[in-house]
Number of protein chains: 2
Amino acid sequence: MTQSIQLDLPEWLAETLRTQRTCISDEDKVRLAISLANQNVIQRSGGPFGAVVFDEDDRVVAAGVNRVVPLNCSTAHAEMMAFMFAQRHLGRFRLNGDGRRYTLATSAQPCAMCYGGSLWAGIDRLLIGARGSDVEELSEFDEGPLPADWVGELERRKIDVRRDLLRDQAREVFLRYREHAGVAY
Amino acid sequence: MTQSIQLDLPEWLAETLRTQRTCISDEDKVRLAISLANQNVIQRSGGPFGAVVFDEDDRVVAAGVNRVVPLNCSTAHAEMMAFMFAQRHLGRFRLNGDGRRYTLATSAQPCAMCYGGSLWAGIDRLLIGARGSDVEELSEFDEGPLPADWVGELERRKIDVRRDLLRDQAREVFLRYREHAGVAY
């Protein structure tokens, strides 16, 4: 029985991040997440989702893209990959365990799993591009059921939420994914 | 920037599974999950949670235990580890993609993240030991917010849920964890 599994990011991602190390505004942070989602579609390295963890100096800590199909792993959503890589990079299971503030920018509203994952990752801010309803309207991806007051539940746990950042650009990723005949699993 | 991370299970787990390959009844399936949770506490290899994926012939496909602290990974809950290892073992991101039925047995009610993860993993049955309220009563772990009708939402997605299996034994794991002075993160 396997004792160890490996999760990897596509090679083009490291290349992109070499030139994109800082994003000052919330819009720019989500713009980077959307651009990773787009690249992931174009490069056929996974589903149409991207996410980036930033530190409080607006620097990229780690990024993730959806890798469900290439890795045979239903957990490998963009947000989860970004959290896992950021935590590994910082050497702790709670990003803000150092008392500093961390932000996740994501190209689309987290699904039910990534929503829960966002509670435990140690982020202070969640920046979202497309809405869950956009994802379900423009693709066949299921977002899953959330608590009725999902934003309030995050805010009660001291995670600020900003939605609809570059929403139109974020929606376009799903149209591109369709053109590339991506399979929604 | 790291391009690849590794997630591993403790060595004692493979040893335990060498002699425990089949669990016929639902109770026996949850008993195995509880026993892994207990072992994880005793061996100090992670938090007090265990989970096992079974195929429709009641054979273990893969198992997981909580590895959040040792792996610096807030995603490494028992259920998520079991799903990831089972999917890697079977070579597909949806366990029941082969048209057969799969079951997850877990020592305690899935938290908000693992709840969402259970929707995407490709299971047909979810067997649960301790309740979420037990976890929160007996430990400092937060289960996170679930949709009001979380069982119904699973059942609408064709995932049968059985709760309170060996609940008393499942509750005892948290008492043992306390004795071992485990840190709830």
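Everything below is about the structure printed above this text.
An account of the accompanying structure is given in this report. Keep in mind that this is a model prediction, so the values were computed, not measured.

1. Focus on empty space enclosed by the protein
And then number 1: In total, this model carries two cavities of 30 Å³ or more according to the counting rule given.
And then number 2: Each pocket or cavity is described by its volume, and for the second largest cavity that value is around 40 Å³.
And then number 3: Around the second largest cavity, the lining residues are Ala112(A), Tyr115(A), Pro145(A), Leu146(A), Pro147(A), Ala112(B), Tyr115(B), Pro145(B), Leu146(B) and Pro147(B).
And then number 4: Of all elements in the fold, only α5 (112-120) of chain A together with α5 (112-120) of chain B reach the threshold of two or more residues within the lining of the second largest cavity.
And then number 5: For the lining of the second largest cavity, the residue count by class is ten nonpolar, no polar and no charged.

2. What to know about the pattern of salt bridges
Residues and elements named next belong to chain A.
And then number 1: Going through the model one piece at a time under the given rule, you end up with 42 salt bridges over all chains.
And then number 2: Of the charged contacts, one joins Asp98 and Arg92 as a salt bridge, the two residues approaching to 2.9 Å between their closest N and O atoms.
And then number 3: Each of Asp55, Glu56, Asp57, Arg59 and Arg100 takes part in one network of salt bridges that share partners.

3. A closer look at the side chain of Ser107(A)
Residues and elements named next belong to chain A.
And then number 1: Within the fold, Ser107 resides in strand β4 (residues 103-108).
And then number 2: By relative accessible area, Ser107 is classed as buried at 2%.
And then number 3: In this structure Ser107 touches Ala33, Ile34, Ala37, Pro48, Phe49, Gly50, Gly129, Ala130 and Ala170, once residues within four positions along its chain are discounted.

Criteria and cut-off values
Residues numbered from 1 in each chain as written. Chains lettered and ligands numbered in written order. Predicted model: local features only at pLDDT ≥ 70, side-chain atom pairs only at ≥ 80, totals over all residues. Heavy atoms only, no water. 1 Å grid on protein atoms, 1.4 Å probe; cavity = no way out; pocket = protein on both sides within 12 Å on 5 of 7 lines; lining within 4 Å. Points joined across faces, edges and corners; volume = space filled by probe spheres on them. Helix = DSSP H or I, 4+ residues; strand = E, 2+ residues; numbered from the N terminus. Nonpolar A, V, L, I, M, F, W, Y, C, P; charged D, E, K, R; others polar. Salt bridge = Lys/Arg side-chain N within 4 Å of Asp/Glu carboxyl O. Buried < 20%, exposed > 50% of the residue type's maximum accessible area, 1.4 Å probe, protein only. Contact = heavy atoms within 4.5 Å.

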